[in-house]
Amino acid sequence: MKPRLADRIATISFWACALLVIAILVSLAGYILYHGGKSISWNFLTSPPQVIRAGGGIGPQIFNSFYLLVLSMAFTLPVGLLGGVYLAEYARKSSWTDLVRLSIETLNSLPSIIVGLFGLLVFVNLTGWGYSLMSGALALTVINLPLIVRIMEESVRSVPAGLREASLALGANKWQTVCRVVLPSAFPGLVSGAITTSGRVFGEAAALMFTAGMSSPALDFSQWNILHPASPLNPFRPAETLAVHIWKINTEGLIPDLRRVADGSAAVLILVVLGFNLAARWLGRKIHRRMTAE
Amino acid sequence: MKKDLACMIFKLSGSELLGRVLTTGAAALAIISTVTIIAFISVKGLSTFIDNGISLKEFLLSSHWYPDRPLEEGGPQVGILAFVFGSVVVSTLAVILSAPLSIACAVFMVEIAPNWGQRLLRPAIEVLAGIPSVVYGYIGLSLLVPFIRENIGGLGFSVLAGFLVLSLMIIPTIVGISADSLKALPREWKEAAYALGSTRWQAIRLVLLPAARSGLITGIVLGLARAFGEALAVQMVIGNTRKIPASILDPVTTLTSAITMDMGNTPMGSLWNNALWSMGLLLLAISCFFIIIIRFVANKGGIAQ
């Protein structure tokens, strides 16, 4: 075959592949949003689910997902931030640093169901908490730690060396430089990294089935005593998140309007994840602009 | 006294030692979690062999899965060959389908349409990556399974549905890593190829793809690892029968799917439950194996080194 012709054919094939992927993406998102959009209403978003009758909503599941997100981020962010700072600022080339990197790499490619099983052993059974938000949050921390560490390391690394040198020249020690100079400059990257990770937390299900559980107690939203079993804020109660709910009703659901609830839940899930994604981009750019005064 | 304490805390908060301790501690936590995960899953997973006296050979190489058969009928058996077979088939087929597509996509993004490829395609791929796996499973269940049942045959719940869903899910993983490794190549190599009179396709096929080989392989292996470990999306569309499938339209079970379905329903310490933990250990071992492959490939580097 003539090279020219081969080149032409290759170019067309590359275009075709790219267009195919875009087409699939657009049709998937469109399908879910179109079908789900019809079943989303204020009532659907706020009312509790039904077990055998039609007309249930996903209110508690949405609350659980967001609450679990906040809880797990409260663990993931500080540890991930410090770990990232360690790798970017303190780590020297040594077998210890290699071990840290190998561990992060290993954690990153563990199937989430394995982390779920680990959580079942350690956080659910060993601590005696049972299926609980706390167990779920810790399992999610294990899942997201490697991602956050990497994002934090990259944003810390991208801070220009001149800033550090100026701070050190003024007599600050390394830790002061990190806290006062490096971290504020790395802030935009940190924020968008944290939000991107939040999207992932929101959609995670396999690890939560065995840790946060597949049911929620009846929640009393006027009960703000954090230790009360019916309090929505109690971190030691079981909690079914939105993603787990989608799985559960599709595999063992008895409600007659299953399609409606599943479509609506999937649409809400995608909308929230998309929202996190857009927010990460927008906020990251905005903070960056404000800080660099461009 | 109180003032001294406050003073001390203030001094400590800016001290070099504190920074070192905190950051090293956070890094150590990564090691500690990895080691504890491996240790706990191993101890629990080995009990099938130690407490129940099942031989490794019987566990891995037999497809007789009767974990709750009473003694008078021959006693329980926990051969997981059918599950292993299911996992391997479904994830391998997924990678065979999506690796070429993803690498083509990455080449398109970096070489053919760098402008809008980066601006439009990359965010699109990231959105694809962000769609939760249960949503993929649900789409498979409500769209793909009925489609297969009505147009191709069988029940719809099948190997075919499983690997199609998986192949979509791993596209972003492979595209992302492949695009990064293509972009990292020195511009001069491409320019040299053009200067020698090659067409763009020749430059891509003979220079760029071989040079980025280690990155591409890393992407494919990570995609395979993700496919192998994915639980819920697969579980929703493959039908979950405990037999080795005879055709691509037959239902199948994977390791992850079996764990997902039965872990909550079996009492801790029973043979059935122990066997599930051993399957978890097998998954863990396989994902460690994938990491070793990636390290090995990454160390070898591209052809230029």
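Reading guide: rules and limits
Residues numbered from 1 in each chain as written. Chains lettered and ligands numbered in written order. Predicted model: local features only at pLDDT ≥ 70, side-chain atom pairs only at ≥ 80, totals over all residues. Heavy atoms only, no water. Helix = DSSP H or I, 4+ residues; strand = E, 2+ residues; numbered from the N terminus. Buried < 20%, exposed > 50% of the residue type's maximum accessible area, 1.4 Å probe, protein only. Contact = heavy atoms within 4.5 Å. Areas by Shrake-Rupley, 256 points an atom, 1.4 Å probe, with all protein chains shown as cover. Lys, Arg positive; Asp, Glu negative; His and termini not counted. Charge placed at Lys NZ, Arg CZ, Asp CG, Glu CD. Rg over C-alpha atoms; globule rule 2.2 N^0.38 Å. Core = buried A, V, L, I, M, F, W, Y, C linked by side-chain atoms within 4.5 Å. Buried area = accessible area lost by both parts, 1.4 Å probe. Salt bridge = Lys/Arg side-chain N within 4 Å of Asp/Glu carboxyl O. Domains from an automatic or database assignment. Polar contact = N/O pair within 3.5 Å; in protein donor to acceptor, adjacent residues only side chain to side chain. Nonpolar A, V, L, I, M, F, W, Y, C, P; charged D, E, K, R; others polar. UniProt positions renumbered as here; feature names shortened; annotations may be inferred. Phe/Tyr/Trp six-rings, centres within 6.5 Å; stacked < 30°, edge-to-face > 60°. Lys NZ or Arg CZ within 6 Å of the ring centre and 35° of its normal. pLDDT = per-residue confidence, 0-100.

Engineer: Explain the overall build of chain A here, please?
Structural biologist: The number of helices and strands found in chain A is 11 helices and zero strands. Counted from the first residue to the last, chain A has its helices and strands arranged as α-α-α-α-α-α-α-α-α-α-α. Out of the 294 residues in chain A, the part that is buried amounts to 54%. Within chain A, contacts between residues at least 6 apart in sequence are counted, and of these 74% link residues at least 24 apart. Just so you have it, chain A exposes about 13,300 Å², and 66% of that area is on carbon and sulfur atoms. Computed over 23 positive and 14 negative side-chain charges, the separation of the two mean positions in chain A equals 6 Å.

Engineer: Would you explain the overall build of chain B in this entry?
Structural biologist: In terms of regular secondary structure, chain B is built from 13 helices and two strands. Over its C-alpha trace chain B gives a radius of gyration of 25 Å, far above what one expects of a compact globule, namely 19 Å for 305 residues. Along the three orthogonal principal directions, the C-alpha set of chain B runs to about 80 × 75 × 35 Å. Partitioning the contacts of chain B with sequence separation of at least 6, the portion at a separation of at least 24 is 69%. Of the roughly 13,700 Å² of accessible surface on chain B, 68% is carried by carbon and sulfur atoms. If the 21 positive side-chain charges of chain B are averaged to one point and the 16 negative ones to another, these points end up 10 Å apart.

Engineer: Teacher, can you tell me more about the nonpolar core here?
Structural biologist: Nonpolar side chains tend toward joint burial in soluble globular proteins. Judged by nonpolar contacts, the single largest core of 153 residues is most densely connected at Ile 32 of chain A together with Ile 41, Ile 80, Tyr 136, Leu 255 and Met 279 of chain B. Sort the elements by how many residues they give to this core and helix α4 (residues 81–112) of chain B lands first, with 16 residues. Beyond its immediate sequence surroundings of up to four residues, Leu 255 of chain B is in contact with Ile 80, Phe 83, Val 84, Ser 87, Phe 228, Met 279, Leu 282 and Leu 283 of chain B. Core analysis: the second largest hydrophobic core is formed by 25 residues, Ala 88, Val 100, Leu 145 and Ala 186 of chain A among them.

Engineer: How should the interface of chain B and chain A be read in this particular structure?
Structural biologist: A common way to state how big an interface is: give the accessible area lost once the parts meet. In this complex, chain B contributes 73 residues to the contact, which on the side of chain A involves 71 residues. Note on chain B versus chain A: buried area summed over both sides is about 6,600 Å², and carbon and sulfur give 80% of it. Our count for the chain B to chain A interface comes out at two salt bridges. For the salt bridge of Glu 105 of chain A with Arg 295 of chain B, the shortest nitrogen-to-oxygen distance reads 3.1 Å.

Engineer: Looking at this structure, how should I read the domain arrangement of chain B?
Structural biologist: Residues and elements named next belong to chain B. According to the domain assignment, chain B contains domain 1 (2–50) and domain 2 (78–300). Centre-to-centre separation of domain 1 and domain 2, based on C-alpha positions: 34 Å. Counting residues at the interface gives nine residues for domain 1 and 10 residues for domain 2. It is Ile 41, Lys 44 and Thr 48 that lose the most area in domain 1 upon contact with domain 2, and together they represent 61% of the buried surface on that side. Our count for the domain 1 to domain 2 interface comes out at zero salt bridges. For the interface between domain 1 and domain 2, the tally reads five residue pairs in polar contact (both at pLDDT 80 or more). Of the residues belonging to the side of domain 1 that touches domain 2, the class tally is four nonpolar, four polar and one charged.

Engineer: Please explain the pattern of salt bridges as it appears in this structure.
Structural biologist: Two side chains with opposite charge may pair up if their charged atoms get near one another. Residue and element names in this part refer to chain A. In total, this model carries 12 salt bridges over all chains according to the counting rule given. Between Lys 248 and Glu 240 there is a salt bridge; the shortest N-O distance is 3.3 Å. Look at the salt bridges and you will find they share partners, linking Arg 101, Glu 153 and Arg 157 into a network.

Engineer: Would you take a moment to explain unusual backbone geometry for this structure?
Structural biologist: Keep in mind that most residues, glycine aside, have a negative phi and that most peptide bonds are trans. The residue Asn 240 of chain B is not glycine, and still its phi comes out positive at about 55°. Tracing the sequence through the fold places Asn 240 of chain B in the loop between α11 (232–237) and α12 (255–262).

Engineer: Sorry if this is basic, but what is going on with the UniProt feature "domain: ABC transmembrane type-1" (unreviewed entry) in chain A here?
Structural biologist: Per the UniProt record, "domain: ABC transmembrane type-1" (unreviewed entry) is found at residues 62–280 of chain A. The straight-line gap between the two end C-alpha atoms of residues 62–280 of chain A is 20 Å; of that span, 74% is helix and 0% is strand.

Engineer: What's the story with the UniProt feature "transmembrane region" (unreviewed entry) in chain A in this structure? I'm lost.
Structural biologist: All names here are of chain A. Here, the residues flagged by UniProt with the feature "transmembrane region" (unreviewed entry) are residues 12–34, 66–87, 99–123 and 266–284. End C-alpha atoms of residues 12–34 are separated by 32 Å, and the span's content is 100% helix alongside 0% strand. Along residues 66–87 the backbone is 100% helical and 0% strand, and the end-to-end C-alpha distance reaches 30 Å.

Engineer: What exactly am I supposed to notice about the side chain of Thr 34 of chain B here?
Structural biologist: Looking at where Thr 34 of chain B falls in the secondary structure, it is placed in helix α2 (residues 16–50). Since its relative accessible area comes to 7%, Thr 34 of chain B is described here as buried. Once residues within four sequence positions are removed from consideration, Thr 34 of chain B is found in contact with Ser 103, Thr 106 and Leu 107 of chain A.

Engineer: How should the packing of aromatic side chains be read in this particular structure?
Structural biologist: Describing an aromatic ring pair means giving the distance of the ring centres and the angle of the ring planes. Across all of its chains, the model carries 12 aromatic pairs over all chains by this definition. Ring plane angle 70° and centroid distance 6.3 Å describe the contact between Phe 228 of chain B and Phe 290 of chain B, whose orientation is recorded as edge-to-face. One end of the pair, Phe 228 of chain B, is in helix α10 (residues 213–229); the other, Phe 290 of chain B, is in helix α13 (residues 271–300), and 62 residues separate them in sequence. A network of ring pairs unites the aromatic residues Phe 66, Phe 202 and Phe 276 of chain A as a single cluster. Its guanidinium or amino end placed over the ring of Tyr 90 of chain A, Lys 174 of chain A lies 5.3 Å from that ring's centre, counting from NZ or CZ.

Engineer: Can you walk me through the confidence of the model for chain B in this structure?
Structural biologist: Caution applies to low-pLDDT regions: their predicted coordinates should not be interpreted in detail. Averaged over chain B, the pLDDT score is 87; the fraction of residues at 70 or greater is 94%. Within chain B, no element has a lower average pLDDT than helix α1 (residues 2–13) of chain B, which sits at 66, and none a higher one than α4 of chain B, at 93.

Engineer: Explain the UniProt feature "transmembrane region" (unreviewed entry) in chain B to me, please; I cannot follow it from the model alone.
Structural biologist: In the UniProt entry, the feature "transmembrane region" (unreviewed entry) is given for residues 21–43, 80–113, 125–148, 154–177, 206–228 and 275–298 of chain B. With 92% helix and 0% strand, residues 125–148 of chain B has end C-alpha atoms that lie 26 Å from one another.

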